[in-house]
Amino acid sequence: MADERETLDLEPIAGVDRIVHEPGRLMVLACLSVVVRADFLYVMRETGLTQGNLSSHLAKLEAAGYVAVGEDLRGQGPRNTAAN
């Protein structure tokens, strides 16, 4: 009964934004979606990413315009923050 099966249109999958749909970056965006701003350590703990991986993912997300990375100068010294 191969003639009766519907054909799947999988073409739209090819257009998926690869910046967002990499699991590590998707975790970062999901984490940031529930806060206004988060510091680096919070995002690192919530996602389970290493410092280097998180830095790399944040840089790619910032370059693509998905997040803004900055410094918060409150407290005892500068803290890296991210916001979406």
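Look above for the structure.
Residues numbered from 1 in each chain as written. Predicted model: local features only at pLDDT ≥ 70, side-chain atom pairs only at ≥ 80, totals over all residues. Heavy atoms only, no water.

### Focus on helix α3 (residues 51–63)
The following threshold applies: Going along the chain from the N terminus, every DSSP run of H or I of four or more residues is numbered as a helix, and every run of E of two or more is numbered as a strand. The span one expects for a helix is its residue count, reduced by one, times 1.5 Å. A simple rule labels every residue: compare its accessible area, found with a 1.4 Å probe on the protein chains alone, to the largest value its type can have, and call it buried under 20%, exposed over 50%, or partly exposed in between. Each direction from the helix axis to a C-beta atom contributes to the arc, which is the arc of those directions.
Counted at 1.5 Å a residue, the expected span for α3 with its 13 residues is 18 Å, and the 18 Å between its end C-alpha atoms agrees. Within α3, the full set of buried residues consists of Leu54, His57, Leu58 and Leu61. Each buried residue of α3 sits inside an arc of 100° when the element is viewed along its axis, so together they form one side. A positive backbone phi angle near 85° is found at Gly65, which sits one or two residues after α3.

### Section: a nonpolar patch on the surface
For clarity, the threshold we go by: Patch membership is restricted to residues that have no salt bridge and whose relative accessible area is over 30%. Joining uses 9 Å for like charges and 5 Å for the nonpolar side chains Val, Leu, Ile, Met, Phe, Trp and Tyr. All accessible-area figures derive from a Shrake-Rupley calculation using a 1.4 Å probe, and residue coverage is judged against the displayed protein chains alone. When a carboxyl oxygen of Asp or Glu is within 4 Å of a side-chain nitrogen of Lys or Arg, the pair counts as a salt bridge.
Taken together, the side chains of Leu8, Leu10, Ile13 and Val16 present a nonpolar region at the surface, about 410 Å² in accessible area. Structurally, the position occupied by Ile13 is in the segment before α1 (23–32). Relative accessible area serves as the criterion here: at 56%, Ile13 is assigned to the exposed category.

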